[in-house]
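Each chain, written out:
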Amino acid sequence: VLRPVDEIALLASRYMHEYGATREHFANIALAQRRYANNNPAAMMYAKTLSRDEYLAARWISKPLCLFDNCLETDGALAAVIVSAERARDLRQPPVYVHAFAQGFHSQHQTMQNFFCNDPLKGPAWVTARKLWSLSDIQPADINVAQIYDAFTPLIPLSLEGYGFCGRGEGAAFTENGNLELHGALPVNTSGGGLSEAYVHGFNLLTEGVRQMRGSASNQVPGAETCLVTGGEGVPTGALVLRR
């Protein structure tokens, strides 16, 4: 039986073979999220910096994935209070609105994972995204910040493609030039995410999305009014659009 990391390693290897992704691209993701965590006092990795050399020299977990391509092991608790927009107006915190949401999975899904599909690199994010954007006045070009499920670094470029931030096979290149960082084209996982803040099965991505929309995040994206929050890629998934 393959471990989840072994399954993602196979997926990453195929992605690297077909589209030219490299470990440097995966490093871009891990390093961007570590820098966010280093400015987030609540993050597990708050006091632990990470250099590119340290990333490239890290021990293998399942090639081509090293230690820093894997999410943290974390105990934690978070909460979200969902009420009507009318009720929210009377509460102390500024309201954050759920603008649209969707769920989906591939028609060929046979088990939890997407690997039995004819094209495992085109996973449930594509199905969910079609439904999500059809229900939303806000589209990918309008998203100011994203919180993308990151149990493993290769899930980020696959999700960037699936949700329409770049073309097929372009997710790895999208991580270049600081695009995922605070003043980049699309700041991603601004609390540090599952890789460097905490891994609580993605719930911290939701709470960070709320903080970004309230303007109270440790790594606040200036003027952010829209945020995408996603579930995992490769498994039956969901996503929502938050707005200020």
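Residues numbered from 1 in each chain as written. Predicted model: local features only at pLDDT ≥ 70, side-chain atom pairs only at ≥ 80, totals over all residues. Heavy atoms only, no water.

1. Let's talk about unusual backbone geometry
Inclusion rule: The way it works is that DSSP assigns letters per residue, a run of H or I at least four long becomes a helix, a run of E at least two long becomes a strand, and they are numbered from the N terminus. With a 1.4 Å probe rolled over the protein chains alone, any residue whose accessible area is under 20% of its type maximum counts as buried; one over 50% counts as exposed, and the rest are partly exposed.
Of note, the bond from K63 into P64 is cis; its omega dihedral lies within 30 degrees of zero at 10°. Mapped onto the elements, P64 comes out in the loop between β1 (60-62) and β2 (65-66). The phi torsion at N177 lies on the positive side, around 60°, for a residue other than glycine. When you line up the elements, N177 lands in the loop between α7 (171-174) and α8 (193-196). What makes N177 exposed here is its relative accessible area of 76%. Even without a glycine there, the phi angle at N189 is positive, about 55°.

2. Section: the pattern of salt bridges
For side chains bearing opposite charge, pairing can occur when the charged atoms are close. Note the threshold: We define a salt bridge as a contact between a side-chain nitrogen of Lys or Arg and a carboxyl oxygen of Asp or Glu at a distance within 4 Å.
Tallied over the entire structure, the rule returns seven salt bridges. Taking the shortest distance from any N to any O, the salt bridge between R52 and E24 comes out at 2.6 Å. With R52 in helix α3 (residues 52-57) and E24 in helix α2 (residues 23-37), the pair connects residues that are 28 residues apart, well separated along the chain. Note on E24: relative accessible area 37%, which makes it partly exposed. Across the pair R35 and E181 runs a salt bridge, and its minimum N-O distance is 2.6 Å. In this pair, R35 is assigned in helix α2 and E181 in the loop between α7 and α8, connecting sequence segments 146 residues apart. Of the residues examined, R35 reaches a relative accessible area of 41% and is grouped as partly exposed.

Interpretation in functional terms is not warranted from these geometric data alone.
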